[in-house]
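Listed below are the residues making up each chain.
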Amino acid sequence: MINLDIVKHDSTDIVADAHRLPFKSGSFDCIFSNAVLEHVKLPWEVAWEINRVLKPGGYIAINLPFLNTIHDEHDYFRFTLKGIRELFPNYEELFGGVSSGGGSFLPLCKIQYINLFVPFRFLRALNYFIWGHLAFRLKVLDKLVAHKPDYVITANSFYYIGQKTENGSGTPK
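Residues numbered from 1 in each chain as written. Predicted model: local features only at pLDDT ≥ 70, side-chain atom pairs only at ≥ 80, totals over all residues. Heavy atoms only, no water.

Asker: Looking at this model, I keep getting lost on the overall build of the protein chain. Mind explaining?
Answerer: The helix and strand tally for the protein chain stands at five helices and six strands. The order of α-helices and β-strands along the protein chain, N terminus first, is β-β-β-α-β-α-β-α-α-α-β. Overall, the protein chain is about 55 × 40 × 25 Å in size when its C-alpha atoms are taken along their principal axes. Looking at the protein chain residue by residue over its 173 residues, the buried ones come to 35%. A fraction of 76% describes how many contacts in the protein chain between residues 6 or more apart in sequence connect residues 24 or more apart. Split by element, the accessible area of the protein chain, about 11,000 Å² in all, is 63% carbon and sulfur. (Helix = DSSP H or I, 4+ residues; strand = E, 2+ residues; numbered from the N terminus. Buried < 20%, exposed > 50% of the residue type's maximum accessible area, 1.4 Å probe, protein only. Contact = heavy atoms within 4.5 Å. Areas by Shrake-Rupley, 256 points an atom, 1.4 Å probe, with all protein chains shown as cover.)

So this is what it looks like as structure tokens:
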């Protein structure tokens, strides 16, 4: 397993820009990407690079936010499941769906909104702590509605697990 990041952390094996991966074509059997493509300026180019370095028959597991707060200065995009599918057109979808629902998004959005009216850092932290603990229970409610067709409308994030087709050239649409 190789952990790649744009900046060095304790767990980073290779520092590189995902737009130009430093690996030979067909180097990997599986690529896992959790909440990354919303932070790159050209996610379709990163998807192309993922396709390039993945072996035919290899697997991707992608998780990306949809309804979510802006969480750093390099937060550019949001993705639906259909959007993820468009990034990886030469893959057979094995699984895909909502990875977290409105019960995850609503508390965070509420906390962030309330904090706009709170003038002191300490009080903002206290607001986050109190509402975070109370609202955590909303995530449990997602299980009660996850089977409903409209559940995707309130998705906080989507996941996609696919297998690269044997003849998939990966040419972007």
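There's more to say after this.
Asker: Help me out: how do you make sense of the nonpolar core in this one?
Answerer: The tendency in soluble globular proteins is for nonpolar side chains to be buried as a group. Counting residues in each nonpolar core, the largest one holds 26 residues, and the members touching the most others are I31, L37, I60, I62, I84, F88 and Y160. Elements that contribute at least two residues to this core include exactly β3 (28-34), α1 (43-53), β4 (54-65), α2 (81-87), β5 (91-100) and β6 (157-164). The contacts of L37, once residues within four sequence positions are left out, are P43, V46, L64, F77, F79, L87 and F88. (Core = buried A, V, L, I, M, F, W, Y, C linked by side-chain atoms within 4.5 Å.)

Asker: What should I look at first to understand the packing of aromatic side chains in this one?
Answerer: Within a pair of aromatic rings, the relevant descriptors are the distance that separates the centres and the angle that separates the planes. Per the stated rule, a full pass over the model turns up seven aromatic pairs. Plain terms: the ring middles of F23 and F28 are 4.9 Å apart, the flat faces sit at 85° to each other, and that makes the pair edge-to-face. A residue is classified by how much of its surface remains accessible, and F23, at 16% relative accessible area, is buried. Ring plane angle 40° and centroid distance 6.3 Å describe the contact between F77 and F79, whose orientation is recorded as tilted. (Phe/Tyr/Trp six-rings, centres within 6.5 Å; stacked < 30°, edge-to-face > 60°.)

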